[in-house]
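Close look at the chain arrangement
These are the residues of each chain, in order.
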Amino acid sequence: VGGIADRPGYETSRVWSDEMLGNMALAVAAGGAASAASFACAIVSYKAMLQRERIPLWLRGAVGKKIGMRFLRLLTGLWRRCPASYSTMLSKEADRKKAALAVALAGTDDGGVCFYGSSTFTYWMQLERDMAPLLAGTRCWNAAFGGSCTDHLLEHAQELVFAHRPAVVVYFCGTNDLISGGEVSLAAQNFVDFVTMAKQHLPSVRCVYLEPTVTPFVRWLGDDMVARYMELGRDVRQYAAESGGLVEIVASAPFMQSMDMYLGDNHHLNREGHAKLAQVLAPAVQAQL
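Residues numbered from 1 in each chain as written. Predicted model: local features only at pLDDT ≥ 70, side-chain atom pairs only at ≥ 80, totals over all residues. Heavy atoms only, no water.

When the terminal C-alpha atoms of helix α9 (residues 184-201) are compared, their 26 Å separation across 18 residues agrees well with the 26 Å that a helix rising 1.5 Å per residue should span. Taken together, the buried positions of α9 are V184, A187, A188, N190, F191, V192, F194, V195 and A198. (Helix = DSSP H or I, 4+ residues; strand = E, 2+ residues; numbered from the N terminus. Expected span 1.5 Å × (residues − 1). Buried < 20%, exposed > 50% of the residue type's maximum accessible area, 1.4 Å probe, protein only.)

Here it is in structure tokens:
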């Protein structure tokens, strides 16, 4: 969600206090009739949390985490009800990322590592710094955008990934497909289609696939959702096993054991969580270079 929080120097507290936002978010998450303006401000505060990797007061502690999970569930419910609007919003975010990469990567050599996916990568604000000591001398860049689904990644792959000719693509997506009610088989097939497209454009490219991350929020959604996550991971592992080394799988289960690496929704990673993710991904990336 773009808007006010993207403006330099903007602080949510200048408009709404943490207490006011917390009370409003709890009312919305519980089905109360909060005003559209209040809901918009909660979204601004929530996105600011993702961008800054810092938890606001209204999402701290056990009660705050419950509010955060309910609020995230409410947002994902809106995705399901308004898929066209959500896709339009994501297309705008992809366009902004394309423009930023065109500047950042202008004049650079082929090769390097492209991170492509949804919000776990999108809001990895220190990605290059976290990966630098682990992949010395290797250029890394972040082409992820929004809370994308696998079909969104296919749509924008040419300009965000292939145009910059990476040697390795690190891919994380599919979880939003499942949370928003999509089919496991389609999410898996879209990854297969992405790899096929990548090989057509970049014959020597190799891929690293981070398995779906079963976060506390996902567990809170119930056993059926956890089972869908696990099924997607199995489907892609089977494809990777038959790819002749083209796709390297990184298991997410060991990485997800720690409970101190999440922001206020118990789903997105904080700075420490992203730093741990870098350590988990680096050996697989190095093996594919």
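Formed by 60 residues in total, the largest nonpolar core has its most connected members in Y116, F194 and V247. A total of eight residues in this core trace back to one element, the largest contributor, which is α9. Setting aside residues up to four positions removed in sequence, F194 forms contacts with Y116, L154, A157, V161, F162, V169 and Y171. Formed by 26 residues, the second largest nonpolar core is a distinct cluster that contains L135, A144, V170 and V208. (Core = buried A, V, L, I, M, F, W, Y, C linked by side-chain atoms within 4.5 Å. Contact = heavy atoms within 4.5 Å.)

Geometrically, a pair of aromatic rings is defined through the distance of the ring centres and the angle of the planes. Applying the stated criterion across every chain yields a total of 15 aromatic pairs. Taking the centre distance of 5.9 Å and the plane angle of 45° together, the rings of F121 and F172 count as tilted. Taken together, the residues span a long stretch of sequence, with F121 in helix α5 (residues 119-122) and F172 in strand β3 (residues 168-172) at a distance of 51 residues. F121 gets classed as buried once you look at its relative accessible area, which sits at 0%. Ring pairing ties together the aromatic residues Y116, F145, F162, Y171, F191, F194, Y209 and Y239, which thus form one cluster. (Phe/Tyr/Trp six-rings, centres within 6.5 Å; stacked < 30°, edge-to-face > 60°.)

Once that is clear, we can look at helix α4 (residues 83-104). Between the first and last C-alpha of α4 there are 31 Å, a value that for 22 residues agrees with the 32 Å anticipated at 1.5 Å per step. Those residues of α4 that fall on the buried side of the exposure criterion are Y86, L90, E93, A94, K97, K98 and L101. In an axial view of α4, the angular spread of the buried residues amounts to 155°, which keeps them on one side of the axis. In α4, the exposed residues that point more than 90 degrees away from the buried face are A84, S85, K92 and V103. (Arc of directions from axis to C-beta.)

Another point: the environment of P212. Among the secondary structure elements, P212 is positioned in the loop between β4 (206-210) and α10 (216-221). In this structure, the C-alpha to C-alpha distance between P212 and T175, residues 37 residues apart in sequence, is 6.2 Å.

Glancing now at the sheet that holds strand β5 (residues 247-250). Taken together, five strands build an open sheet; the order of strands is β2-β1-β3-β4-β5 and the sheet is parallel. Only two strands of the sheet have a single partner each, and these edge strands are β2 (140-142) and β5. Mean inter-strand twist for the sheet, computed between neighbouring axes without regard to direction, equals 20°. Bridge count for strand β1 (residues 113-117) against β3 is five bridges, and the pairing is parallel. Its bridge partner being in β3, Y116 is matched across the sheet by Y171. Lying over the sheet, helix α7 (residues 150-160) contacts β1, β2 and β3, oriented at roughly 150° with respect to β1. Along the sheet face, α9 touches β1, β3, β4 and β5 and points at about 165° away from the line of β3. (Pairing = 2+ DSSP bridges. Axes fitted to C-alpha atoms, helices over the stretch in contact; angles between N-to-C directions.)

Orientation of α7 relative to α9, taken along the N-to-C sense of each, is 10°, at an axis distance of 9 Å. By the angle between their axes, α7 is roughly parallel relative to α9. Our pair here, α7 against α9, has a crossing hand that is left-handed. Residues T150, D151, L154, A157 and Q158 of α7 pack against L186, A187, N190, D193, F194, M197 and H201 of α9. Partitioning the contact of α7 with α9 into residue classes produces six nonpolar, four polar and two charged. (Parallel < 35°, antiparallel > 145°, perpendicular 65-115°, else oblique. Left-handed = near helix turned anticlockwise from the far one by under 90°. Nonpolar A, V, L, I, M, F, W, Y, C, P; charged D, E, K, R; others polar.)

Before going further, it helps to spend a moment on the environment of H201. Inspection of the secondary structure puts H201 in helix α9. For H201, a relative accessible area of 35% gives the class partly exposed. For H201 and A163, which are 38 residues apart along the polypeptide, the C-alpha to C-alpha distance reads 8.8 Å. Not counting residues up to four positions away in its chain, the partners in contact with H201 are Q158, F162 and R165.

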